[in-house]
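What the coordinates show
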Amino acid sequence: MVDSERIRAASLRLLDPYSIPADTVYLSDDQRELSELSFEKRAEWMAEWLAMAQSTIDD
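What comes next concerns the included structure.

Scoring rules and cut-offs
- Residues numbered from 1 in each chain as written.
- Predicted model: local features only at pLDDT ≥ 70, side-chain atom pairs only at ≥ 80, totals over all residues.
- Heavy atoms only, no water.
- Helix = DSSP H or I, 4+ residues; strand = E, 2+ residues; numbered from the N terminus.
- Rg over C-alpha atoms; globule rule 2.2 N^0.38 Å.
- Patch = residues over 30% accessible without salt bridge, like charges linked within 9 Å, V, L, I, M, F, W, Y side chains within 5 Å.
- Areas by Shrake-Rupley, 256 points an atom, 1.4 Å probe, with all protein chains shown as cover.
- Salt bridge = Lys/Arg side-chain N within 4 Å of Asp/Glu carboxyl O.
- Lys, Arg positive; Asp, Glu negative; His and termini not counted.
- Charge placed at Lys NZ, Arg CZ, Asp CG, Glu CD.

**Focus: the overall build of the protein chain**
Regarding its fold elements, the protein chain presents three helices and zero strands. When the helices and strands of the protein chain are listed from N to C terminus, the series reads α-α-α. Rg of the C-alpha trace for the protein chain: 16 Å, well past the compact-globule value of 10 Å for 59 residues, more than 25% over. For the C-alpha atoms alone, the extent of the protein chain along its principal axes is close to 50 × 30 × 20 Å.

Structure (structure tokens):
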């Protein structure tokens, strides 16, 4: 059984910004920039993206 404190620590770690090495060839500069945002900024970005995507369906 996994310790609940380890689960909590891992969950919190997933909320932290992370960096992608510059030599990673499969990601665009935009994806790399997104990875460095805080969780709150990533959530704002996703909300904007979803609103934009929804507007293409409504047209």
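On we go.
**Points about a negative patch on the surface**
Residues Asp29, Asp30, Glu33 and Glu36 make up a contiguous surface patch of negative charge. Along the chain, Glu36 falls in the loop between helix 2 (29–35) and helix 3 (39–58).

**As for the pattern of salt bridges**
Within the structure shown, the criterion is met by one salt bridge. Residues Lys41 and Glu44 are paired through a salt bridge, measuring 3.7 Å at the closest nitrogen-oxygen approach. One end of the pair is Lys41 and the other is Glu44, both in helix 3 and three residues apart, which spans about a single turn.

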